[in-house]
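# Understanding the architecture of this molecule
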Amino acid sequence: MALLSKKDTSLILDPLADNNPITIQVLGICSALAITAELKASIVMAISVLFVMGLGNVVIALMRNVIPSKIRIIVQLIVVASLVIIVDQVLKAFAYELSKTLSVFVGLIITNCIIMGRFEAFALGNGPYRSFLDGVGNAAGYGVILIIVGFFRELLGSGTLLGIPVLGDPIAKTGLYSIGYENNGFMLLSPMALIVVGIIIWVQRSRNRALIEEN
Amino acid sequence: MRDKRLTFKKRLHILKHRYRDKKMAPAFNAFHTFLFAPNETTHSGSHVRAADDLKRTMNTVIMALIPVLLFSMFNAGYQHYAAIDAANGISRELSLFENFLTWDNFWIGIVHVLPLVIVSYGVGLLIEFIFAVIKGHEVEEGYLVTGMLVPLIVPIDTPLWMLAVAVAFGVVIGKEVFGGTGMNILNPALTIRAFLFFAYPTWMSGDKVWVQGAVERAGGPDAISGETILGYLAQNKASEFEYSVSDMFFGFIPGSVGETSAFLILLGGLFLIFSKIASWRIMVSAVIGSLVMGLIFNGVVDAGWIGESSKFYGLMSFDFWKHLIVGGLAFGIVYMATDPVTGAQTNRGKWFYGFFIGFISVMIRVFNPAYPEGVFLAILLMNVFAPTIDHYVVRGNVNRRLKRFKNATVHPKTTEGEGAKLQVETV
C-alpha cells in the first residue's frame with residue numbers, strides 16, 4: 001500500500017498544475033502581484049501560506065461538525081487570523097527585514113481568497129487528513145507560481161537571485177553589464193507581475209487545450 | 001528546372017500555390033501581397049470594391065512620415081555638432097544650407113537613425129510572421145505604421161537591443177494577445193515607448209539621451225549636454241536655453257528622433273486630413289484641449305497663485321500655445337491619437353477623446369516634472385477610455401431617439417393629404 005492513495009495524490013498534485021489557484025482559478029492575485037519583486041519574499045510568502053493553509057484546513061476540518069453554519073465565516077476568520085499572527089510574530093522575531101518587505105501582506109493572508117475558498121469548499125466537508133493534503137496542495141500551487149514570478153522579476157529586474165548578483169555588477173559594469181545589458185526597471189513594478197502571471201496562464205493553456213473555456 | 005522567362009511575379013505565384021494549405025502559407029502570402037496587389041477575393045461575407053484597403057491606408061501614413069524621418073536624420077547630426085560647439089564655447093548660428101542640410105549631418109542620421117528603423121521593422125515583422133504562421137491567418141499590415149513610428153519616438157541613442165526587447169514586448173503584449181491588428185486596445189507604438197520608459201528610465205529621460213553621442217561622452221573631457229526645452233522648463237531654467245520660437249516650430253531642437261519639427265508634422269497632418277486617413281476631429285479637439293489646459297496654467301500664474309519659487313513655475317508660465325511646438329505633443333496628436341483602431345469611433349466621441357488627450361498631456365507635463373513627456377501616457381490613458389466614451393455616445397443617441405419617438409404624435413388627417421405620408425412631428 002502506497003503512502004498516499006491515488007485520490008489523495010491528486011489532492012496534492014492537481015492544484016500544482018491543472019487546477020492551480022492562481023493561474024486557473026485566478027484567486028490570490030493581489031499578494032502575487034505585490035510581493036513578487038524579490039524571490040526571497042516570494043519564498044517566505046509561499047511558506048507562510050503553506051503553514052497557514054495546511055494547519056487551518058486541519059483545524060476547520062476537526063471542528064467542521066461543531067461549527068454552526070450561520071457563523072462559520074467568523075470562525076474561519078478567527079482560525080486563520082490566529083495562524084497568521086503566529087507567522088507574523090515569527091517573521092518579526094527571526095527575519096525582521098523580510099517582514100518589513102512583506103509588510104501588510106502577511107496580515108492580508110487572512111483575506112487571501114484561496115484560504116477562505118479551501119475552508120469553505122473542502123475543509124468543511126472532509127476529514128482532517130484529506131483537508132491537510134488539500135491545503136498543502138493548494139498552498140504549494142500558489143507558492144509555485146509566486147516563486148516562478150519572483151524568479152523572473154528579480155532576475156530581470158535587479159539582476160540578482162535571493163539577493164546574490166548573478167548577472168554581474170551593474171555599477172562596476174562586470175559580467176553581462178559589460179556588454180551594455182541593463183536591468184529592466186519595469187519588472188520591479190506591479191503591472192509587470194500581472195503580465196508575467198498572464199504569460200504563465202497563456203503558456204499553460206496553450207500546452208493544455210482542455211483548460212480553455214468555451215465562450 | 002527554372003524557366004528564365006517566368007517573371008518574378010509568376011514565380012512567386014507558383015511558390016504560393018505550392019505552399020497553399022501548408023504551415024508556412026501565411027508567410028508566402030504576405031510577401032506576395034506586399035509586393036503585388038492580390039487578385040483573390042474573400043470567400044464569405046459581403047464584398048466592397050474599394051481601393052483604400054488597409055495596405056493603402058498604411059502607406060499613406062508612411063508617406064506622411066517620410067519628411068519627418070528625413071528631417072530627423074539631418075537634425076540628429078545638427079544637434080550633435082551644435083552640442084559639441086556649445087561645449088567648446090562656440091555659439092552656432094543656424095543656417096539651413098550651410099550647416100543644416102549637409103552630408104555630415106545626414107551621415108550621423110543614417111548611422112544612428114536607420115538602425116533604429118531596421119531593428120523596429122525586423123523584430124516587429126518577425127513576430128507578426130511567427131504569429132501568423134502559428135495561428136494560420138494572413139499577416140496583417142498593421143505593423144507597417146507602428147514600425148515607422150517607433151524609431152521616431154525614441155531618443156536617438158537608444159541601444160538597439162533595448163528597442164528590440166521593447167518591440168517584442170509591445171507587439172506581443174500590446175497587440176497579438178488581443179488578436180492582432182484591429183483588435184488591440186492600446187496603441188502598440190506607444191506601448192513600446194511606455195515599456196522603454198518604465199524599463200530603462202535612464203535611457204529615456206534626463207539631459208544626455210536626446211543628442212547623439214552625449215551618453216558615451218558623459219563624464220569625459222568632451223562631455224556634451226542635450227537638455228530638451230521641457231527639461232529646462234521643468235527645472236525652472238527657462239532663461240538657459242536659446243531656442244527661438246521659429247527653432248521650436250521648424251524643429252531645430254533636441255528631442256526624440258522625429259518629434260521635433262512641428263512644421264513637418266503639421267504638413268503631414270494636413271496630408272492625412274485631406275486624404276481622409278486621419279480624423280480632423282481628434283486633431284482639432286486635442287489642440288483645443290492642450291490650449292485650454294495651457295491657458296488655465298497661464299491664468300494661474302497671472303493671478304499670482306504660483307510664484308517664481310514654485311517648482312511648477314517654469315512649465316506653468318510657458319506660453320500656452322508653445323506647448324504645441326515643443327516635445328512630442330504635435331507628433332502624438334497627429335500620428336498617435338488618430339490611430340483608428342485605438343481611438344474613439346463615434347464623431348462626438350472623437351471630440352471628447354481628442355480634447356482629453358491634449359488636456360491631460362499638458363497637465364502631466366506641468367504637474368510631473370519627472371515625466372515632461374506626458375503625451376504618451378495621456379494617449380494610452382484615453383485609448384483605455386475610448387470604448388467607454390463610444391458606449392456613452394451611442395447610448396446617448398439611443399436615448400435621444402427613444403425620447404423623440406415617445407414624444408412623437410401622429411397626425412391622422414395628413415394621411416389623406418398629398419402622397420399620403422405618415423407625418424411624425426417631434427415635440
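## Here we look at the overall build of chain A
- Of regular secondary structure, chain A possesses 9 helices and 2 strands.
- Helices and strands in chain A line up, N terminus first, as α-α-α-α-α-α-α-α-β-β-α.
- Overall, chain A is about 65 × 45 × 40 Å in size when its C-alpha atoms are taken along their principal axes.
- Among the 215 residues that make up chain A, the fraction classed as buried is 34%.
- For chain A, the share of sequence-separated contacts (at least 6 apart) that also reach a separation of at least 24 residues comes to 76%.

## Re the confidence of the model for chain B
- For chain B, mean pLDDT is 80; residues scoring 70 or higher make up 84% of the total.
- In this model residues 417-422 of chain B is a low-confidence stretch, pLDDT under 50, and it forms 4 contacts with partners more than four residues away in sequence or in other chains.

## Comments concerning the packing of helix α8 (residues 188-199) of chain B against helix α18 (residues 375-407) of chain B
Residues and elements named next belong to chain B.
- Here α8 crosses α18 at 130 degrees, and the two axes come no closer than 10 Å. By the angle class used here, α8 and α18 are oblique. In this structure, α8 meets α18 at a crossing whose hand is left-handed. Seen from α8, the contacting residues are Leu190, Arg193 and Ala194; seen from α18, they are Phe376, Ile379 and Leu380.
- Its residues placed into classes, the contact of α8 with α18 shows 5 nonpolar, no polar and 1 charged.

## Focus on the nonpolar core
- Ranked by internal contacts, the top residues of the largest apolar core, which has 148 residues, are A:Val52, B:Leu196, B:Ala330, B:Ile333, B:Tyr353, B:Ile357 and B:Ile379.
- Per element, the largest residue contribution to this core is 13 residues, and it comes from helix α3 (residues 54-87) of chain B.
- Beyond its immediate stretch of four places on either side in the chain, B:Leu196 contacts B:Val154, B:Thr158, B:Met162, B:Ala166 and B:Met204.

## Regarding the interface of chain A and chain B
- Residue-level contacts link 7 residues of chain A with 7 residues of chain B.
- Residues belonging to the side of chain A that touches chain B are distributed by class as follows: 3 nonpolar, 3 polar and 1 charged.

## Thoughts on helix α13 (residues 262-274) of chain B
Residue and element names in this part refer to chain B.
- End to end, α13 covers 18 Å across 13 residues, agreeing with the expected 18 Å (1.5 Å per residue, within 8%).
- All of the buried residues along α13 are Ala262, Leu264, Ile265, Gly268, Gly269 and Leu272. With its buried residues spanning 160 degrees around the axis, α13 presents them on a single face.
- Taken together, the buried residues of α13 touch α3, α12 (245-250), α14 (280-302) and α16 (329-336).
- A positive phi of about 60 degrees marks lysine 276, the residue just after α13.

Conventions and cut-offs
Residues numbered from 1 in each chain as written. Chains lettered and ligands numbered in written order. Predicted model: local features only at pLDDT ≥ 70, side-chain atom pairs only at ≥ 80, totals over all residues. Helix = DSSP H or I, 4+ residues; strand = E, 2+ residues; numbered from the N terminus. Buried ≥ 20, exposed ≤ 12 C-beta atoms within 10 Å, placed from the backbone. Contact = placed C-beta atoms within 7 Å. pLDDT = per-residue confidence, 0-100. Axes fitted to C-alpha atoms, helices over the stretch in contact; angles between N-to-C directions. Parallel < 35°, antiparallel > 145°, perpendicular 65-115°, else oblique. Left-handed = near helix turned anticlockwise from the far one by under 90°. Nonpolar A, V, L, I, M, F, W, Y, C, P; charged D, E, K, R; others polar. Core = buried A, V, L, I, M, F, W, Y, C linked by C-beta atoms within 7 Å. Expected span 1.5 Å × (residues − 1). Arc of directions from axis to C-beta.

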